[in-house]
Amino acid sequence: MLIRGDDNSFIEWIDNREVDRGTYERFEKNSYRIKSNKQSFEITLNDDNSFKIVINKLNEGKPINMKNISTDDYMISFGKWDDVDEYTYLLD
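Residues numbered from 1 in each chain as written. Predicted model: local features only at pLDDT ≥ 70, side-chain atom pairs only at ≥ 80, totals over all residues. Heavy atoms only, no water.

Draft legend 1. Spatial organisation of the nonpolar core. One finds Phe 10, Tyr 24, Tyr 32, Ile 34, Phe 41, Ile 43, Leu 45, Phe 51 and Ile 53 forming the largest nonpolar core, which totals nine residues. Contributing elements (two or more residues each) for this core: strand S4 (31-36), strand S5 (40-44) and strand S6 (50-53). When residues no more than four places from it in sequence are discounted, the contact partners of Tyr 24 are Ile 3, Arg 4, Gly 5, Asn 8, Ser 9, Tyr 32, Arg 33 and Ile 34. Core analysis: the next-biggest nonpolar cluster, separate from the first, contains six residues, Val 19, Ile 55, Tyr 87 and Leu 91 among them. (Core = buried A, V, L, I, M, F, W, Y, C linked by side-chain atoms within 4.5 Å. Buried < 20%, exposed > 50% of the residue type's maximum accessible area, 1.4 Å probe, protein only. Helix = DSSP H or I, 4+ residues; strand = E, 2+ residues; numbered from the N terminus. Contact = heavy atoms within 4.5 Å.)

Take a look at the structure:
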C-alpha cells in the first residue's frame, strides 16, 4: 500500500496488481479513514508507524501487519497486468 501525504491519497496492490485507490482523512491523532469506490475502513497507526489491515479473502481473514519500509517520497509502478480482475475480487 502506498500512502501519499501530499494529496491524502492511497494505492493498494495485491501481488503487484493495483486493486484499489482512493483518499484518506485523519480523524484522531493516529487514526485514519480510508475511502475508495471499493471499500472504506479505518486504520490506527502503532507506535512503530505500522498498522493492521484485514482482507477477508487473504490470510484466512487474519490481520496483515503493514509496516512502513520507506520514508522516501516517490511513486512506485509495477507495470501492466492482464489478470488484475483476479486480484480485485479479493476486496469484495
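Draft legend 2. Geometry of the pattern of salt bridges. The full count for this structure, using the stated rule, is eight salt bridges. Taking the shortest distance from any N to any O, the salt bridge between Asp 6 and Arg 4 comes out at 3.6 Å. Residue Asp 6 is classed as exposed on the basis of its relative accessible area, which comes to 58%. Note on Arg 4: relative accessible area 24%, which makes it partly exposed. Residues Glu 60 and Lys 62 are paired through a salt bridge, measuring 3.3 Å at the closest nitrogen-oxygen approach. Residue classification places Glu 60 among the exposed residues on the basis of a relative accessible area of 70%. Here the residues in one salt-bridge network are Glu 25, Arg 33, Lys 35 and Glu 42, joined through shared partners. (Salt bridge = Lys/Arg side-chain N within 4 Å of Asp/Glu carboxyl O.)

Note that every value here comes from positions in space, so none of it alone points to a role or purpose.
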